[in-house]
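One letter stands for each residue in the lines below.
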Amino acid sequence: MSIEITVDAYNWLSEIGCVPSGQDPTIGPSRKAILDSNTSASMESGLLFGRMIKALNQDHEFLTGQPISSSDLDSLKEVNSPPARLSNWNKIIKSLSGVGVKVDNDTKRMIIAGDTAIVSELIDEVYSSHYQNLRKMNNDDQARASDSFRVQKNGVQDGQLSKMEVKSQTRGKKAPQQKKAGALDITSLNTQKMPAETESCLEFLLNTLCKNIDLKPKQAAGLLTSGNKYLAHILIKGVKGVFDPVIQWYQDVYQNEGHLVDLIAQEETQGSVTMILGALRPGLLSKNGDVAVWAARLLSKLAFDFSDRNLISPAWEWFISENGGVDASLMCFHRHAEIKESLVNVFIQFGRYNFMELFTLQLKTHLPNPGEYLEVMHEFLIPISESRTSKEEIVNSGILDYWIDIALKQAQNEQRGPIAPRLVAMHFACDLWLNFPEVFDEREDVTTSIQTVLKRATRDKLKSVKSHALGLMFRMLDFFAGERNPYAPVFYKILTFCLVENHNDIGVRELLMSNFTYTFESLPTIPVGILVEPLIKQIQVSEGVTYFYQVFDFDFFVTLARHPRLTIKNAIQLLDLLAKIYLNDVVYARPASIPFVLIVQRHSENETIQDFVQKYSKISLAMFMSLEKKKKPKAVNLPKYNNRPVVVGGKMSELEKESEHLSLQKRGLIIEVIKKMILIRSETLDDKLRPLVISANYQLKQATGKDHKAMVTLMSLWGENPKEQIKFYELEYADALANRD
């Protein structure tokens, strides 16, 4: 990255041969000269600083008559690597200290790490030292500089200290110090004073920094030089990686915020608003989440109180300026998204009188990508909506209309490219509807557009788009159904149609059924019949062709069976489907029996349900008897005859074995479901099932000559003696035959 320096510093570097002479510098947007990449690399490695120090040595020798040794500078390494930079800068810093330019360890670490901004500041500082030397050489009457300095209170702008005042000193004898009006003598600063007793914004900052970060006044003042960059380093990275002192500083300032506002108001004409806000801003960029939270809280509180002191206007100008509050808050959001509520409050407080400009112009400028802008606005929507005043301002100022327009345009963009912006736009449009339903209820054109976008998305080739749209519609359904909004049935019907339309897509069908399961369980008043009838008709038409059963289908059938709004008509439709599955599909027979039994159990006293169970049991037992009669006898080994084994019943082929095994499974399933019907313990239902079981046993007995074990077992479940039941039935049957004759 190229280094930028002042034009005057560039001209000096040209004079001493650090940059090519006779060439006009390249001026950047900040009106500073830009060094080329090679020169910048030589500055970072420290090589060119050697020439600069030698020029300062000449100044120093002229003024003092005593040269400074610079032999170390002749051994600087030309390799621009971290070890080489460390070696070079150790020598350079030692030489710089000899000519009055001090570089602390934190600054050295940042230079070695490749921080070009710090290198740029150091170049300007070295040039400033040279410039001061020139002034001294041109004025023999001016005294040499002493170690102490003063900071002019009235000269503070944008959080920077005014230039250091030099104490006059006559040759061989020091002159008495003279304090200008309004100046702050740092050497005599009382750090034991309470923050509420300070008399200026600068004193307040120095006082709190000294107390909480354990600094001397001169050190604290140094943090505020060079546009607060040294303070920013501490706030962002902590004090040697420890953030507790930084948090304590913000908390201390927060506790004394009222007094600080009074000081800011007193010094408003001197740029106090910008100075204080600029000093506090780096906390938003901190790597530590707690620091960022306290910075956001403090800035929000200041902006809130500024409104009562007519200070909000300069605060707003600072907030939207380059390197102001907007970009810092956005960077903080990207780093610490979990504190978005605190950050949204910062935006609300600073922009309370400029909502439209803030959310449509300023944020759009800082977030030029539509997808990124919508994503951030989507994250901010809920915290903004929690404030009734902010919510009303969003509607009244036209911001809501602007958001709707840009969200729909982005959601309708089906061109090739990243799909994330489109998904965010759909989500944002739906959440706007959910958070401002009273506005959307009066905007039929907008609601129709959102429905159209979602329906088109459910037919998208990309499954991610389709799944996202379906999930959004279920959110809309759940919300509107809970609020009894007239749009609830609209989305219910759309989703029902989606289920029928996508029945052949197993993944989409599972997604729809799982979401419907959640909806039906959470909303017991929703009429499930709207879905049951078209779904069953579709299954009956496409079963085994495009509709193939999965385990989740039966989980969904269980949800329908348990739903309190399942009518008898829909229950019969579902029972009929489940009964056919049970008798014809051995694989899914048992899963089908669960919702089947649930429905019968819930409506066991309903005559229509009992009639259905009676007919189903009659068909099942008829199938059982048919299978039983077709059953092949097992091979039986008899005693040997003439020393040869005797086997009754021939061997079965593999196909016959498979058929016999399937027949055995079906017979077992039929007995199992009738057993479950009996265990429901409904007297009226038992009265309809008992004759069917006894009659089946009678017919099987006629074929085999003995009672059937399965039928006897079923009859025993009624708690009566099976033999007496059989005998009683046989007598009745005989009488019936006699009467017929």
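Residues numbered from 1 in each chain as written. Predicted model: local features only at pLDDT ≥ 70, side-chain atom pairs only at ≥ 80, totals over all residues. Heavy atoms only, no water.

Outline the overall build of the protein, listing residues and values.
Looking only at helices and strands, one finds 35 helices and nine strands in the protein. Within the protein, the proportion of its 741 residues that are buried is 50%. Expressed as a percentage of contacts within the protein between residues at least 6 apart in sequence, the contacts between residues at least 24 apart total 68%. Total accessible area computed for the protein in this model is approximately 37800 Å², and 50% of it derives from carbon and sulfur atoms. (Helix = DSSP H or I, 4+ residues; strand = E, 2+ residues; numbered from the N terminus. Buried < 20%, exposed > 50% of the residue type's maximum accessible area, 1.4 Å probe, protein only. Contact = heavy atoms within 4.5 Å. Areas by Shrake-Rupley, 256 points an atom, 1.4 Å probe, with all protein chains shown as cover.)

Describe the packing of aromatic side chains, with residues and values.
Per the counting criterion, the structure on display carries 32 aromatic pairs. Feature note: the residues Trp316, Trp318, Phe319, Phe333, Phe347, Phe350 and Phe380 constitute an aromatic cluster, connected by ring pairs. Over the ring of tyrosine 373 we find lysine 364; its NZ or CZ atom is 5.7 Å from the centre of that ring. Between lysine 391 and the ring centre of phenylalanine 436, over which it is positioned, the NZ or CZ distance is 5.4 Å. (Phe/Tyr/Trp six-rings, centres within 6.5 Å; stacked < 30°, edge-to-face > 60°. Lys NZ or Arg CZ within 6 Å of the ring centre and 35° of its normal.)

I'd like a rundown of the sheet that holds strand β2 (residues 26–27), residues and numbers included.
Taken in spatial order, the three strands line up as β1-β3-β2 in an open sheet, and their pairing is antiparallel. Because the sheet does not close on itself, it has two edges, and the strands there are β1 (4–5) and β2. For β1 and strand β3 (residues 33–34), the ladder comprises two bridges, and the chain directions are antiparallel. If you follow isoleucine 5 over to β3, its bridge partner there is alanine 33. (Pairing = 2+ DSSP bridges.)

An account of helix α2 (residues 37–45) is requested, with residue identities and associated values reported.
Within α2 the residues assigned to the buried category are Thr39, Ser40, Met43, Glu44 and Ser45. For α2, the N-terminal cap is aspartate 36; the gap from its side-chain oxygen to the backbone nitrogen of asparagine 38 is 3.1 Å. A positive backbone phi angle near 100° is found at glycine 46, which sits one or two residues after α2. (Polar contact = N/O pair within 3.5 Å; in protein donor to acceptor, adjacent residues only side chain to side chain.)

Explain the environment of lysine 54 residue by residue, including any values.
Summarising the element assignment, lysine 54 is placed in helix α3 (residues 47–64). Along the primary structure lysine 54 and isoleucine 16 are separated by 38 residues, whereas in three dimensions their C-alpha atoms are 9.5 Å apart. Excluding anything up to four places from it in sequence, lysine 54 contacts Leu73 and Asp74.

Describe the confidence of the model for the protein, listing the residues and the values that go with them.
Chain-level pLDDT for the protein is 85 on average; 86% of the residues reach the 70-or-more range. In this model residues 140–182 is a low-confidence stretch, pLDDT under 50, and it forms 78 contacts with partners more than four residues away in sequence or in other chains. (pLDDT = per-residue confidence, 0-100.)

Requested: an account of the nonpolar core, with residues and values cited.
Within soluble globular proteins, side chains that are nonpolar tend to cluster in buried spots. Ranked by size, the top nonpolar core spans 197 residues in total, and within it Tyr250, Phe306, Phe319, Trp403, Phe596 and Met711 carry the most contacts. With 11 residues, the single largest contributor to this core is helix α13 (residues 289–308). Setting aside its immediate chain neighbours within four residues, methionine 711 contacts Leu621, Phe624, Ile671, Val693, Ala696, Asn697 and Leu700. Grouped together as the second largest cluster of nonpolar side chains are 34 residues, Leu13, Met43, Ala55 and Val126 included. (Core = buried A, V, L, I, M, F, W, Y, C linked by side-chain atoms within 4.5 Å.)

How would you sum up the packing of helix α31 (residues 607–630) against helix α32 (residues 654–678)? Please name residues and give values.
Running from N to C, α31 and α32 cross one another at 150°; their axes reach a closest spacing of 10 Å. The angle between the axes of α31 and α32 places the two elements in the roughly antiparallel class. When you trace α31 past α32, the crossing you get is left-handed. Between α31, through Val613, Tyr616, Ser617, Ser620, Leu621, Met623, Phe624, Leu627 and Glu628, and α32, the contact on the second element is made entirely by Ser663, Lys666, Arg667, Ile670, Ile671, Val673, Ile674 and Met677. Broken down by class, the residue content of the contact of α31 with α32 amounts to 11 nonpolar, three polar and three charged. (Axes fitted to C-alpha atoms, helices over the stretch in contact; angles between N-to-C directions. Parallel < 35°, antiparallel > 145°, perpendicular 65-115°, else oblique. Left-handed = near helix turned anticlockwise from the far one by under 90°. Nonpolar A, V, L, I, M, F, W, Y, C, P; charged D, E, K, R; others polar.)

Can you explain the packing of helix α29 (residues 568–584) against helix α30 (residues 589–602)? Please cite residues and give values.
In contact at an axis separation of 9 Å, α29 and α30 are set at 150° when each is read in the N-to-C sense. In terms of orientation, α29 lies roughly antiparallel with respect to α30. At the point where α29 passes α30, the crossing takes the left-handed sense. Contacts between α29 and α30 involve Ala571, Leu574, Leu575, Leu578, Ala579, Ile581 and Tyr582 from the former and Ala589, Ala592, Ser593, Pro595, Phe596, Ile599 and Val600 from the latter. When its residues are assigned to classes, the contact of α29 with α30 shows 13 nonpolar, one polar and no charged.

Outline unusual backbone geometry, supporting the account with residue identities and numerical values.
Among all residues save glycine, negative phi is the norm, and among peptide bonds the norm is trans. Despite not being glycine, lysine 240 has its phi angle at roughly 55°, a positive value. With respect to the helices and strands, lysine 240 occurs in the loop between α9 (229–237) and α10 (244–255). Here the phi dihedral of arginine 484 falls at roughly 55°; this positive angle occurs in a residue that is not glycine. Residue placement: arginine 484 occurs in the loop between α24 (463–483) and α25 (488–501).

Describe the side chain of serine 620, with residues and values.
Structurally, serine 620 can be placed in helix α31. For serine 620, the side chain forms a polar contact with the main-chain oxygen of tyrosine 616, separated by 2.8 Å. Ignoring sequence-local partners within four residues, the contact set of serine 620 consists of Leu583 and Ile670.

How would you sum up the pattern of salt bridges? Please name residues and give values.
All told, the structure shown has 25 salt bridges when counted by the stated rule. A salt bridge links lysine 340 to glutamate 379; its shortest N-O distance comes to 2.8 Å. Of this pair, lysine 340 sits in helix α16 (residues 340–350) while glutamate 379 sits in helix α18 (residues 370–385); the two residues are 39 residues apart in sequence, bridging distant segments of the chain. For glutamate 379, a relative accessible area of 30% translates into the label partly exposed. For aspartate 553, the salt bridge identified is with arginine 509, shortest N-O distance 2.8 Å. (Salt bridge = Lys/Arg side-chain N within 4 Å of Asp/Glu carboxyl O.)

Lay out α29 in plain terms, naming residues and giving numbers.
Here α29 spans 24 Å end to end across 17 residues, near enough to the 24 Å set by a 1.5 Å rise per residue. Taken together, the buried positions of α29 are Asn570, Ala571, Leu574, Leu575, Leu577, Leu578, Ala579, Ile581, Tyr582 and Leu583. Where α29 is buried, its residues touch α27 (529–542), α28 (551–562), α30, α31 and α32. (Expected span 1.5 Å × (residues − 1).)

Hey, could you go over the environment of glycine 324 for me, with residue numbers and the actual values?
Mapping glycine 324 onto the fold places it in the loop between α14 (312–320) and α15 (325–335). We classify glycine 324 as buried; its relative accessible area is 0%. The spatial distance from the C-alpha of glycine 324 to the C-alpha of proline 282 is 9.9 Å, given a sequence separation of 42 residues. Excluding anything up to four places from it in sequence, glycine 324 contacts Arg281, Trp318 and Phe319.

Residue-level account of the environment of valine 558, with values.
With respect to the element layout, valine 558 can be found in helix α28. Judged by relative accessible area, valine 558 falls into the buried class, the value being 12%. What valine 558 contacts, discounting residues up to four positions off in sequence, is Ile594, Pro595 and Leu598.

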